[in-house]
There are 6 protein chains.
Amino acid sequence: MSDAAISTTSAVSEAEASGRVAEIFADIKSTKQIESVPNFWRTLASNQDLLESVWGEVKRWMHPESVGREPKLDAQTREMIALAVSATNGCAYCLNAHTAAAQQLGLDAETLGEVMAIASLFNRTNALADGFQVTPDVRPQ
Amino acid sequence: MSDAAISTTSAVSEAEASGRVAEIFADIKSTKQIESVPNFWRTLASNQDLLESVWGEVKRWMHPESVGREPKLDAQTREMIALAVSATNGCAYCLNAHTAAAQQLGLDAETLGEVMAIASLFNRTNALADGFQVTPDVRPQ
Amino acid sequence: MSDAAISTTSAVSEAEASGRVAEIFADIKSTKQIESVPNFWRTLASNQDLLESVWGEVKRWMHPESVGREPKLDAQTREMIALAVSATNGCAYCLNAHTAAAQQLGLDAETLGEVMAIASLFNRTNALADGFQVTPDVRPQ
Amino acid sequence: MSDAAISTTSAVSEAEASGRVAEIFADIKSTKQIESVPNFWRTLASNQDLLESVWGEVKRWMHPESVGREPKLDAQTREMIALAVSATNGCAYCLNAHTAAAQQLGLDAETLGEVMAIASLFNRTNALADGFQVTPDVRPQ
Amino acid sequence: MSDAAISTTSAVSEAEASGRVAEIFADIKSTKQIESVPNFWRTLASNQDLLESVWGEVKRWMHPESVGREPKLDAQTREMIALAVSATNGCAYCLNAHTAAAQQLGLDAETLGEVMAIASLFNRTNALADGFQVTPDVRPQ
Amino acid sequence: MSDAAISTTSAVSEAEASGRVAEIFADIKSTKQIESVPNFWRTLASNQDLLESVWGEVKRWMHPESVGREPKLDAQTREMIALAVSATNGCAYCLNAHTAAAQQLGLDAETLGEVMAIASLFNRTNALADGFQVTPDVRPQ
């Protein structure tokens, strides 16, 4: 059974998933320690290669321990970057999901506010540097 | 003497700056511990209120110690957010300036690569969540 | 009677349309072979020149046969470009309308997934190329 | 003779233009009262329909007197909107061209600074409203 | 009492506001001559420095008379720039708020249509100039 | 020996590459049938995981035959999507690289013009649909 209501394409329910899709759904729940597969992943499952491709990348960069990679950034910093990019692009789903993820990692409201303060400030200065076409400063090598 | 070459508007040189503009130029060099005023600030000086406004905000959020504010994020994390936003917007000036700033704070090439890896990953997932119009997951309150 | 609910400005209903607006509404329904005028066009009708301007452009590029133009791209490819741009900009109305249009042209879920896979991939590589300020490769002329 | 250097596609020189392209080139120079055809239009001429389409729209909205349309906005306000959008998108060509156009219309550096101040401020508040996913306020009808 | 429903973070209600936040809430209502504090400002109040920072900037540029600044642009023009930027970024909250603000200043539907016509036209020409990588025209100094 | 000039970070030259990086460089040249490694890939090599991650994704979606995947879209259509996204984001490196790639696949100037015509048209209609906050049309299920 598919659920047309949650997106412009049909999402794959956990009940109807089989084969590689079912395996990835199980891996998502196990890696993220959650009870059900989020709408994002159920929607990507309409194309199995896409599901595999994006989940592989999210595992690699956002769950490095699950692939034995030694990260340079900690989990909170990774979520802050996710939030800064998503605020710049105005992606509602991503902002909902990653604000929740950041809160679960212990990011309090005041710190979230500082992330948004700095992300929004650079949206301002980006528009100014581009708007005036400011040439990069020459730096000593 | 103004320098028309560095932007679409005339930048104010340090030599011609006077009054409030000269004071802000001095504060920029002192706060940032640099020898000359970057092109960005010299360009904003074409409108004194704009220079004052943007410098005030950059001091508040990027140089919190200069205004006696207790930041939640450290200087490296702030620069990573600046880079993530600037990469998303493709702002050349900002990427040059803040990559240099991050490097001066000790961010090595591999860590910078991880910042860009995560920022670019969310540019991808943002396009997917928006592209499929995925509805936010319902969460227990 | 206008319908304030569907946008921040008043949309023109088919019943109240007259003159040039009524003619364009009829042309939209006839060209697109649909029964009612979509909200987008009813909203643009608040400024008759805007309605005429945008409909003229959409006819020219998306319905080339209606203006006797020989297109280089087929209808499915045109819709894929529409979807790739709209996913990049995150435009909800456009994604809803053009996903439906693509589906009516026979684009199946797996192909739509490939369009989104590629569009999202380039949102990622764009952020990387800009983020690192990579210089274009020199090419033999 | 075409000029490959100015863009990723071949631009059409004024000397090689003929037929409809030559007519549009002449109209561009006459309408804008300039001596040579800007690179933008020479590049669009690689596809004659594209040149015709975009020039028609620019005439309609930016040179309304040339098509007998009564504009609501004056020429300076139109250029300010062009600049605000181009700064938001970071379009170098457009910022160069429209800063020059605004200056020719008498927009001084301080006013240009105020345009950029306000455009950049809304790039900041847009990121904040999106970043926090603020719900629109309910308003009395 | 906080209101979690209006955003991904908790908004501060007017009843629970105290100290500096309560003062800014009062200043917002007085400066804008409105009866209640909009959701945007209540959400920013989760970080007091952010509220103070953004309100200070909005006062300076959008309510210049409240800070004794002599603006170059009138209130309608400022709102048009806000709308052009917000349409480019697709910020729902900002478009709702500033369309209402423009209407209260007397901007009629046809003029709003012309603002959107021009803002959208430059989103098109920006994509073309960038898409073809058109080089800026050389201009006589 | 690294080459600092081509980006804000150090690019890895082919001569200094070793181990996994050298293998990927060889795979890039072999898969793309080119003589030297483009700047983009040499820059990503500053973080080996990033190089591996992005090259894996580009192989999967843009060179499906190299990974034994049956694509739904042909190579020209894939390049058109790459160009439409890159024009929307204004990414210079990507536009240069993928215009060249499209030309090598036989895409003539007039067809490239049609791709840009349609991509730019949707940048316009996206701004309009968002700018007026048009509600999606209700469709029969």
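Residues numbered from 1 in each chain as written. Chains lettered and ligands numbered in written order. Predicted model: local features only at pLDDT ≥ 70, side-chain atom pairs only at ≥ 80, totals over all residues.

**What to know about the overall build of chain A**
No. 1: Along its length, chain A carries six helices and two strands.
No. 2: Secondary structure of chain A in N-to-C order comes out as β-β-α-α-α-α-α-α.
No. 3: On C-alpha atoms alone, chain A measures out to a radius of gyration of 19 Å, which is more than a quarter above the 14 Å that the 2.2 N^0.38 rule sets for 141 residues.
No. 4: By its C-alpha atoms, chain A is 55 × 35 × 35 Å across when sized along the principal axes.
No. 5: Put simply, chain A has 141 residues, and 55% of those count as buried. (Helix = DSSP H or I, 4+ residues; strand = E, 2+ residues; numbered from the N terminus. Rg over C-alpha atoms; globule rule 2.2 N^0.38 Å. Buried ≥ 20, exposed ≤ 12 C-beta atoms within 10 Å, placed from the backbone.)

**Observations regarding the interface of chain B and chain A**
No. 1: Each side of the interface is counted separately: chain B has 54 residues, and chain A has 54 residues.
No. 2: Among the elements of the structure, α2 (39-44), α3 (48-62), α4 (75-89), α5 (92-104) and α6 (109-131) of chain B are those that each provide at least two residues to the side of chain B that touches chain A.
No. 3: Looking at the side of chain B that touches chain A element by element, the count peaks at 15 residues for α6 of chain B.
No. 4: Each residue belonging to the side of chain B that touches chain A can be placed in one class, and the counts come to 30 nonpolar, 16 polar and eight charged. (Contact = placed C-beta atoms within 7 Å. Nonpolar A, V, L, I, M, F, W, Y, C, P; charged D, E, K, R; others polar.)

**Details of the interface of chain A and chain F**
No. 1: Contact with chain A, which involves five residues of that partner, is made by five residues of chain F.
No. 2: Among the residues forming the side of chain A that touches chain F, the class breakdown is no nonpolar, one polar and four charged.

**Thoughts on unusual backbone geometry**
All names here are of chain C.
No. 1: In this structure, Q133 is a non-glycine residue whose phi angle is positive, near 55°.
No. 2: Looking at where Q133 falls in the secondary structure, it is placed in the segment after α6 (109-131).
No. 3: Look at Q133 and you get buried, because 22 C-beta atoms sit within 10 Å.

**Some points on helix α5 (residues 92-104) of chain D**
No. 1: Its 13 residues place the ends of α5 of chain D 18 Å apart at the C-alpha level, agreeing with the 18 Å of an ideal helix rising 1.5 Å per residue.
No. 2: Backbone geometry just after α5 of chain D places G106 of chain D at a positive phi near 95°. (Expected span 1.5 Å × (residues − 1).)

**Here we look at the packing of helix α3 (residues 48-62) of chain A against α6 of chain B**
No. 1: Between α3 of chain A and α6 of chain B, the least distance of the axes is 11 Å, while the angle of their chain directions is 145°. For the pair α3 of chain A and α6 of chain B, the sense of crossing is left-handed. Where α3 of chain A abuts α6 of chain B, its residues V54, E57 and W61 of chain A lie against A117, I118, L121, T125 and L128 of chain B. (Axes fitted to C-alpha atoms, helices over the stretch in contact; angles between N-to-C directions. Left-handed = near helix turned anticlockwise from the far one by under 90°.)

**Quick word on the relation of the copies chain A and chain F**
No. 1: Of the transformation placing chain A onto chain F, the axial shift is 0.0 Å and the rotation is 180°, giving an RMSD of 0.0 Å. These values place the two chain copies in the arrangement generated by a two-fold rotation axis. In terms of proximity to the rotation axis, the leading residue of chain A is E57 of chain A, whose C-alpha is 4.4 Å off the axis. (Least-squares fit on C-alpha atoms with pLDDT ≥ 70 in both.)

**Quick notes on the relation of the copies chain B and chain A**
Think of it as a corkscrew move, a rotation about one axis and a shift along it, taking one chain copy to the other.
No. 1: Overlaying chain B on chain A yields an RMSD of 0.0 Å, the required transformation being a rotation through 180° with an accompanying axial translation of 0.0 Å.
No. 2: A shared binding surface is used by both copies, with 100% of the interface residues of chain B retained as interface residues in chain A.

**A closer look at the domain arrangement of chain A**
No. 1: Annotation of chain A at the domain level lists domain 1 (1-72) and domain 2 (74-134).
No. 2: Centre-to-centre, using C-alpha coordinates, domain 1 of chain A lies 24 Å away from domain 2 of chain A. (Domains from an automatic or database assignment.)

**Considerations on the packing of helix α4 (residues 75-89) of chain D against helix α6 (residues 109-131) of chain E**
Geometry of a packed helix pair, given as the angle between the helix axes and the separation of the axes.
No. 1: Where α4 of chain D contacts α6 of chain E, the two axes come as close as 9 Å, and the packing angle between them is 45°. In terms of orientation, α4 of chain D and α6 of chain E fall into the oblique class. For α4 of chain D against α6 of chain E, the interelement crossing comes out right-handed. Of the residues in α6 of chain E, those in contact with R78, I81, A82, V85, S86 and N89 of chain D of α4 of chain D are V115, I118, A119, F122, N123 and N126 of chain E.
No. 2: For the contact of α4 of chain D with α6 of chain E, the per-class residue count stands at seven nonpolar, four polar and one charged. (Parallel < 35°, antiparallel > 145°, perpendicular 65-115°, else oblique.)

**A word on the confidence of the model for chain A**
No. 1: Per-residue pLDDT for chain A has a mean of 93; in total, 93% of the residues score no lower than 70.
No. 2: Scoring the predicted complex yields pTM 0.95 and, for the interface, ipTM 0.94. (pLDDT = per-residue confidence, 0-100.)

**Digging into the environment of P64 of chain F**
All names here are of chain F.
No. 1: Tracing the sequence through the fold places P64 in the loop between α3 (48-62) and α4 (75-89).
No. 2: For P64, a count of 18 C-beta atoms within 10 Å corresponds to the partly exposed category.
No. 3: When the C-alpha atoms of P64 and A75 are compared, they prove to be 9.5 Å apart, with 11 residues separating the residues in sequence.
No. 4: What P64 contacts, discounting residues up to four positions off in sequence, is R69 and P71.

**Some words on helix α5 (residues 92-104) of chain C**
No. 1: By the burial criterion, the buried members of α5 of chain C are A92, Y93, C94, L95, A97, H98, T99 and A102 of chain C.
No. 2: Contacts from the buried residues of α5 of chain C go to α6 of chain B, α2 (39-44), α4 (75-89) and α6 of chain C together with α6 (109-131) of chain F.

**Topic: the environment of V21 of chain E**
Residue and element names in this part refer to chain E.
No. 1: Looking at where V21 falls in the secondary structure, it is placed in helix α1 (residues 19-32).
No. 2: In sequence terms V21 and T88 are 67 residues apart; their C-alpha atoms lie 31 Å from each other.
No. 3: Contacts of V21, omitting those with residues within four sequence positions, involve V12, A45, Q48 and L51.

**Topic: the environment of D130 of chain B**
No. 1: Inspection of the secondary structure assignment puts D130 of chain B in helix α6.
No. 2: Between the alpha carbons of D130 of chain B and E57 of chain B there is a distance of 31 Å; along the sequence they are 73 residues apart.
No. 3: Not counting the four nearest positions on each side in its chain, D130 of chain B is found in contact with C91 of chain A together with A87 and G90 of chain C.

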